[in-house]
Amino acid sequence: DEFIASAEQTGIMRYLTRWVLNRAFRDHANRRRQFGVSTISVNISAINLHEPDFEDGIIDLLEKYDIPPEELILEITETSVMKDPEYAISALKRLSNRSIKLAIDDFGTGYSSLTYIQQLPLYEIKIDRSFIMQMDKKTGDQIIVKTTLNLSKDLGYKVVAEGIENQAALNTLRKMGCDFAQGYHIARPMTIDALIQWQDDMKNDEFFTELKSS
């Protein structure tokens, strides 16, 4: 929370994002050679959307690592989009026109208007962890998650549930028809080498096989 805010305020976000994208694409290129085609998600700042050469810079990096643009998902928070929704819609449409997938992160925390959400060329909605983690204790949170799921699917978006920390939450979301699950119950953050080893170990793991088949 503190680091990203400081990077935005001091003007280094442009350079930080370039470094992150370069590293993410390099690691993704190595992973796809071992495990086949997949996607890579990278968080960006609303500040990046105001860079005139942002889209071209991403395409150049994708070409450098021989990654098709449709394998990339760029994530931007709902709060960032709502700071300047008209400009965000225009910028995100330009990225979408380059076959890059787009996701709204931390959905439910930015008080966005449905008028704007339906105009965004989104691939994915990521429901904020604050709603997921309290589902078993707060009926209201479960209703919000279910409503968001239904709305997103009606609009043609995939849905990711963030902050899954127990099997009960995973089971509930599976019954609701959620597309993707993310959280410590599945895996904690890890280095790229640890991730590659984890993926290799999980090939025949019963828990991982059940996740993929459900």
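Presented here is a report on the structure given in the accompanying data block. The residue count restarts for each chain, going from 1 along the sequence in the order it is written. Only residues with pLDDT of at least 70 get local features here, since the model is predicted, and only at 80 or more are side-chain atom pairs given and counted; chain-wide, interface and lining totals rely on the full set of residues. Based on all heavy atoms of the structure, the side-chain values leave hydrogens and waters out of the count.

This brings us to the sheet that holds strand E1 (residues 40-43). A strand pair is defined by DSSP finding two or more bridges across the two strands. Strands are runs of DSSP state E lasting at least two residues, helices are runs of H or I lasting at least four, and both sets are numbered from the N terminus onward. Pairing is parallel across the open sheet formed by 6 strands, whose spatial order is E1-E2-E3-E4-E5-E6. The strands lining the two open edges of the sheet, one partner per strand, are E1 and strand E6 (180-181). Sheet analysis places strand E3 (residues 101-107) next to strand E4 (residues 124-127), joined by 3 bridges and oriented parallel. Across the sheet, Ala103 pairs through a bridge with Glu124, a residue of E4.

To continue, consider the pairing of strand E5 (residues 158-161). As judged from the 4 bridges shared by E4 and E5, these two strands associate in the parallel manner. In the strand pairing of E5, Ile125 is matched with Val159. Taken together, the 2 bridges between E5 and E6 define a ladder with parallel strand orientation. Looking across to E6, one finds that Ala161 is bridged to Ala181.

Tracing the backbone through its elements, the reader meets Glu55 in helix H3 (residues 54-64). For Glu55, a relative accessible area of 11% gives the class buried. Pairs of residues are marked as contacts when any of their non-hydrogen atoms sit within 4.5 Å. Residues within four places of Glu55 in sequence aside, it is in contact with Arg94, Leu95 and Arg98. For each residue, the accessible area found with a 1.4 Å probe, counting protein chains only, is set against the maximum for its type, and the residue is called buried under 20%, exposed over 50%, and partly exposed in between.

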